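Okay, here's what each chain looks like letter by letter:
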Amino acid sequence: RPKVFRTPDDVDRPAIVKLPEAARRVERGFFVAKDREDLLKKAKRLADKGVIRLADLSEAAIEELVLGAHFNINYFYSPIYGRLELHSIDRRIQTDLDGFYRLPARDQLELDAEPRYIEVGHEPATIRESLLERAFEIGYRFVEAAKRLEPPGVIGPFTLQVMATPELDLVVFDVAPRIGGGTNAYMGVGGQYSKLYWGRPISMGRRIAIEIRRAAEEGRLGDVTT
Amino acid sequence: RPKVFRTPDDVDRPAIVKLPEAARRVERGFFVAKDREDLLKKAKRLADKGVIRLADLSEAAIEELVLGAHFNINYFYSPIYGRLELHSIDRRIQTDLDGFYRLPARDQLELDAEPRYIEVGHEPATIRESLLERAFEIGYRFVEAAKRLEPPGVIGPFTLQVMATPELDLVVFDVAPRIGGGTNAYMGVGGQYSKLYWGRPISMGRRIAIEIRRAAEEGRLGDVTT
Amino acid sequence: RPKVFRTPDDVDRPAIVKLPEAARRVERGFFVAKDREDLLKKAKRLADKGVIRLADLSEAAIEELVLGAHFNINYFYSPIYGRLELHSIDRRIQTDLDGFYRLPARDQLELDAEPRYIEVGHEPATIRESLLERAFEIGYRFVEAAKRLEPPGVIGPFTLQVMATPELDLVVFDVAPRIGGGTNAYMGVGGQYSKLYWGRPISMGRRIAIEIRRAAEEGRLGDVTT
């Protein structure tokens, strides 16, 4: 997980400031700062523009800025088979950021726009093989934490959104405790890693159906429903 | 569709200026401007450099700059089945823009190059589910307009190139009234949405074959040929 | 192949300077320069910072900077079938460059970071059809060169990393004389071009198995092993 700073004063590296939903009069919802001074300077500038109130800063989430390649890792936790399966990996497409960063830097600077980060699509992808072990490690850790914090924990599909860093670590920055929208990228075709369990790539929908049918056959429907 | 400005004086927002093919002594073929003043300033600079003639500006297409995530939506309009099918969605890869925007901004500014926008490949993708209804809406609107303007209208495959905006609208900026090159991204594997109609993903080539065979069986070949 | 400059003095266009592994105290491992003057200025700046030694420059590989869209072309050279097959095409994802170039240019400039270029994943892709002939041309040329330089030459899978330029040429900038990691992007699903040879998309693993089995059946195992 990225390092979280409790106050702007604690910031000792590049950071991302996420404003509370209620205070989001700026469409972007967050800004990037190089260090503490830069953070305070930018907050002041946005406050002067009337885009944020400095008071909101105390409610903002301030996190270390993790630079890396983003991936959505789609998992299926099976209480019936007693295992965590890797289903597929995809990458999000965000508007209008996607169109903005594809402009040459000079045009971006001249337009001086504030791109927004709204998920609007997905692309299929695979991750470097040496990172798969780490992918299982963070997946199992999520399953165990969910069991502890909210029994019986997560059942079936969930997605971890990660940054793969140059140190070849996976940093989880968001979680979807449900069917990730990115599994759509494998619609019809099926998640590529699911083939390793089922002999052919299957969709997340079919994986859920397999789990429920098997649970029903074994009289264990209680294990897959809450 | 993006807003079109008849003259540079009408420009009231960021715009893209597309020079007529004949005047294209600049390889890029177009430039981006922040507003009216910026447009005139850049046109003058390019004219001073001998890259364009100011006279060409009156023939240029000046369009609102729509920032968003680009998608090619591949459709199949079936006169035999009487419906519009969503076949697949892909994204274009353009050279040398693709390599240029992947350079850090500082390197881009130092190189000061003019990237070109030549389609050279495609990637598979899916669009956010809530946008599929809108995708059908613009598809049907194209089918109807084609019927009205050029009877009998479009038959079989066509592609709409769209920008998905942060307002979750789809803005059509180009049309390919034929098999889109991006359907290649599903070669062998088949278009993911086609599975919803045919039980398994099929290629656009196979979809055309199905239409023709069925038309022949029903003695309706005239409905699928012009 | 990109043009190679023997000394900094020979540089007459934008170039990329790749430092020898031993000298890589800078994590990035290389830098981009606009021209000869820029190259020398940057080398001096990095030397002053203690990041490189000017002496290392004489061992550095200095290559023309080729701007284009990158593709990994995955081939299979079959001694048994006596042909070169196009298996699939993918694109690499590099950390932390991937996250860096997706930041707006203004944020990139403010952070002033040095992104690294470490391969961490792959995406499926297809190349413009008119470039496929050229893809075979460079593939066969690699097969012939390997045969000449290191008999019996390459057997089975290899990958050429290319830049597709705006002039619609393919410039090879790297070679993997083995199963390319990007073939993973077709795990389960199978490489899209392989369908053209085998009636359905198959994985590179299966392609290798087909070759070995056929060689065994024909008593030609010596032709596919060294």
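Scoring rules and cut-offs
Residues numbered from 1 in each chain as written. Chains lettered and ligands numbered in written order. Predicted model: local features only at pLDDT ≥ 70, side-chain atom pairs only at ≥ 80, totals over all residues. Heavy atoms only, no water. Pairing = 2+ DSSP bridges. Helix = DSSP H or I, 4+ residues; strand = E, 2+ residues; numbered from the N terminus. Domains from an automatic or database assignment. Least-squares fit on C-alpha atoms with pLDDT ≥ 70 in both. Contact = heavy atoms within 4.5 Å. Buried area = accessible area lost by both parts, 1.4 Å probe. Salt bridge = Lys/Arg side-chain N within 4 Å of Asp/Glu carboxyl O. Polar contact = N/O pair within 3.5 Å; in protein donor to acceptor, adjacent residues only side chain to side chain. Nonpolar A, V, L, I, M, F, W, Y, C, P; charged D, E, K, R; others polar.

Novice: Please provide a residue-by-residue account of the pairing of strand β10 (residues 170–176) of chain C, values included.
Specialist: Residues and elements named next belong to chain C. Direction of pairing for strand β9 (residues 156–164) relative to β10: antiparallel, over a ladder of 6 bridges. Directly across from Thr159, in β10, lies its bridge partner Ala176. Joining the antiparallel neighbours β9 and β10 is a turn of 5 residues, in which Leu168 adopts a positive phi near 60 degrees.

Novice: Give me the domain arrangement of chain A: which residues, what numbers.
Specialist: The domain architecture assigned to chain A consists of domain 1 (4–64) and domain 2 (69–223). Each of domain 1 of chain A and domain 2 of chain A has a C-alpha centre, and these two points are 29 Å apart.

Novice: Before we move on, can you summarise the relation of the copies chain A and chain B with the specific residues and values?
Specialist: With an RMSD of 0.1 Å, the operation that places chain A on chain B is a rotation of 120 degrees combined with a shift of 0.0 Å along the axis. Look at the turn and shift together and you get a three-fold axis relating the two. Distance from the rotation axis, computed per C-alpha, reaches its smallest value in chain A at Ala105 of chain A: 3.1 Å.

Novice: Can you explain the environment of Asp96 of chain B? Please cite residues and give values.
Specialist: Note on placement: Asp96 of chain B falls in strand β6 (residues 83–96). A C-alpha to C-alpha distance of 9.1 Å links Asp96 of chain B and Glu114 of chain B, two positions 18 residues apart in sequence.

Novice: So what's going on with the interface of chain A and chain B? Which residues, and what values?
Specialist: Opposite the 30 residues of chain A that make contact, chain B presents 45 residues. Buried surface at the junction of chain A and chain B, both sides included, amounts to about 3,100 Å², of which 58% is carbon and sulfur. Inspection of the chain A/chain B interface yields 6 salt bridges. For Lys42 of chain B, the salt bridge is made with Glu110 of chain A, and the minimal N-O distance between the two is 2.4 Å. Our count for the contact surface shared by chain A and chain B stands at 16 residue pairs in polar contact (both at pLDDT 80 or more). Residue assignment for the side of chain A that touches chain B shows that the elements contributing at least two residues are β6 (83–96), α2 (97–101), α3 (105–111) and β7 (117–124) of chain A. Of all the elements, β7 of chain A adds the most residues to the side of chain A that touches chain B, at 7 residues. Considering only residue class, the side of chain A that touches chain B consists of 14 nonpolar, 7 polar and 9 charged. Across 2 bridges, the pairing between β7 of chain A and strand β8 (residues 126–127) of chain B is antiparallel. Considered in β8 of chain B, the bridge of His122 of chain A is made with Thr126 of chain B.

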